[in-house]
Each structure stands twice: as structure tokens, then as C-alpha cells.
Amino acid sequence: MIMELGRLAYEVKVKEVGERKVLNNRLAIPIGKEKTTFVDIVAWNGTAELIANNFKKGHEILIQGHLINKKGLKDKVEYDTVAILVDKILFTHGNPREV
């Protein structure tokens, strides 16, 4: 199990894959004052909808999940990467208030 606190790097979009819903995004995780690391995140169904309904690009989020291998295709070349499969989210007080 892994927990990470960071900000969503991209606009939040849920896509339908057959009868399931999926959210792919990237978490910007601060490492000290000068550095940031980026980790891909994946959420399915209800968790994906919960994130989409409550968070926007740049919002802080605390996620709990586990690491998965993820395959991709870019410029006709297959690649493998690691992502966090989100099992649970926790709300923080680090988001701007809507006016």
C-alpha cells in the first residue's frame, strides 16, 4: 500500500471503457522546496467519478493505492511504466475555494 500527497497535473477527465469508467492523470509530488516528481495515477469507476466531481487540475489530493505496471503506446513504440492504482482518496484543505 502506498500513500502520496500531491496536486493533479492535468485536467480531470473520466473516459468510458466498455461499461467501466477510468481516470488517468498525473500527480505532482513536491520533493523539498525546489524539486517535484511526477507519478501517473489510474482510478476506476466510483473512485474515478469521485475525483472528477471534486477535483480540478492543480488541486491537492491525498491518494492511497498500490503500484501497477502500465503499458502504453507513443509514436508507434510500446513502453512500460509504473502508476499508482488509486483505491481511496482523502480530502485535504489545500484546495482553493470556489467563489
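Quick look at the structure, then. Note that the coordinates shown come from a computational prediction; the quantities given were computed from them, not determined experimentally. (Residues numbered from 1 in each chain as written. Predicted model: local features only at pLDDT ≥ 70, side-chain atom pairs only at ≥ 80, totals over all residues. Heavy atoms only, no water.)

1. Description of the pattern of salt bridges
Link 1 in the chain: Counted according to the given criterion, the structure contains 3 salt bridges.
Link 2 in the chain: In this structure, aspartate 40 and arginine 26 form a salt bridge, with 2.8 Å as the shortest nitrogen-oxygen distance. In this pair, aspartate 40 sits in strand 4 (residues 35-44) while arginine 26 sits in strand 3 (residues 20-31), placing the two residues 14 residues apart along the sequence.
Link 3 in the chain: The class of aspartate 40 is buried, set by a relative accessible area of 13%.
Link 4 in the chain: Put simply, aspartate 80 and lysine 71 hold a salt bridge, and the shortest N to O gap is 3.2 Å.
Link 5 in the chain: A relative accessible area of 57% places aspartate 80 in the exposed class. (Salt bridge = Lys/Arg side-chain N within 4 Å of Asp/Glu carboxyl O. Helix = DSSP H or I, 4+ residues; strand = E, 2+ residues; numbered from the N terminus. Buried < 20%, exposed > 50% of the residue type's maximum accessible area, 1.4 Å probe, protein only.)

2. Quick notes on the nonpolar core
Link 1 in the chain: Judged by nonpolar contacts, the single largest core of 15 residues is most densely connected at Leu8, Leu27, Ile41, Ile51, Ile61, Ile63 and Ile89.
Link 2 in the chain: Taken together, the elements giving at least two residues each to this core come down to strand 3, strand 4, helix 1 (45-54), strand 5 (60-74) and strand 6 (77-90).
Link 3 in the chain: In this structure isoleucine 63 touches Ile2, Met3, Glu4, Leu27, Ile41, Ile84, Val86, Lys88 and Ile89, once residues within four positions along its chain are discounted. (Core = buried A, V, L, I, M, F, W, Y, C linked by side-chain atoms within 4.5 Å. Contact = heavy atoms within 4.5 Å.)

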